[in-house]
Amino acid sequence: MVTSITSFGRSGLYDWMMQRVTALVLATYTIFMIGYLLFNPDLSYEQWKDLFSGTGMRIYTLLAILSLVAHAWIGMWSVSTDYIKQAGARFVFQSVCGLLAFIYVVWGIQILWGI
Amino acid sequence: MMYALSLSLESQAGFNEAAEMLQESFLAKLIAWGLVSALLYHFFAGIKHLVMDMGHCEEIESGRMAAKVTLIIAGVSILLAGVWVW
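Residues numbered from 1 in each chain as written. Chains lettered and ligands numbered in written order. Predicted model: local features only at pLDDT ≥ 70, side-chain atom pairs only at ≥ 80, totals over all residues. Heavy atoms only, no water.

Trainee: Can you help me understand the overall build of chain A in this one?
Mentor: Along chain A, the regular secondary structure elements total 4 helices and 0 strands. What you see in chain A, going N to C, is helices and strands ordered as α-α-α-α. Here the C-alpha atoms of chain A give a radius of gyration of 17 Å, more than 25% beyond the 13 Å that 2.2 N^0.38 yields for 115 residues. Overall, the C-alpha framework of chain A stretches about 55 × 25 × 20 Å when taken along its three principal axes. Taking all 115 residues of chain A together, 32% fall into the buried category. In chain A, the proportion of contacts linking residues at least 24 apart, taken out of those at least 6 apart, comes to 64%. Approximately 7,200 Å² of chain A is accessible, and the part contributed by carbon and sulfur atoms is 73%. (Helix = DSSP H or I, 4+ residues; strand = E, 2+ residues; numbered from the N terminus. Rg over C-alpha atoms; globule rule 2.2 N^0.38 Å. Buried < 20%, exposed > 50% of the residue type's maximum accessible area, 1.4 Å probe, protein only. Contact = heavy atoms within 4.5 Å. Areas by Shrake-Rupley, 256 points an atom, 1.4 Å probe, with all protein chains shown as cover.)

Spelled out as C-alpha cells, the structure:
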C-alpha cells in the first residue's frame, strides 16, 4: 500500500541522497557567488551581464535553481510531516511551497534568458 | 534577492538602482544581511551534517564539540557578512 504521496522521490533513501547531492551543488554555487562578489568589489554592469550571458553560467545557475527546488521541497516536506499533523493544513502548506518553488523556477529562467 | 538580480541584469539603470539600493536603503540591507546570515548558518550546519553522514562526531562529546564549532564559525561569518553589508 502506498503510504506517502507527497514526498519528493520514490523512497526515503532517494530523498536522503537527493538532499545531499543538491546540497553539494548549492554549496559550490554559494562559494562561487560569494567569492565572485568579494573579488570584484567595483563590479560593472557590463561585467555582471557578461557573467550571466555565458551559457556555462546559465546552466550552472539553472542547475542551482532546480537543486534549490528539490532541496527545499525535501527539507520543507520533512518539517511539515514532523510538525503539521492535520492533513488538510499540511497539504495547503506543501502546495504553497510547491507554488513558490515553481514561481522561482520560471522567474529564474526569465531573468537568465531575458538578458 | 531575485528582484535585485532581475533589476541588476535588466539595464545599466537597473544595475545602478540595485547597487544604490543595497548601499542606501536600510530595509534592503536588513533583508540582504538576514538572508545571507540564514544561508551562512545553514551552510555550516549542513557541512557538519555531511561530516556526520561520513560517520564522524556521533558520540555525545564529539557531537557537542562539532555543534559548538559550527555555531562559532557561523557566528563569526555572520558578523563578517554584517560588516560587508553595512
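Trainee: What is the right way to read the interface of chain A and chain B from this model?
Mentor: Accessible area lost upon the coming together of the parts serves often as the stated size of an interface. Contact with chain A, which involves 21 residues of that partner, is made by 17 residues of chain B. Counting each side, the surface lost to burial between chain A and chain B is near 1,700 Å², with a carbon and sulfur contribution of 80%. Together, Y45(A), W48(A) and I111(A) form the three largest contributors to the area buried by chain A at its contact with chain B, with a combined 36%. Along the contact surface separating chain A from chain B lie 1 salt bridge. (Buried area = accessible area lost by both parts, 1.4 Å probe. Salt bridge = Lys/Arg side-chain N within 4 Å of Asp/Glu carboxyl O.)

Note that every value here comes from positions in space, so none of it alone points to a role or purpose.
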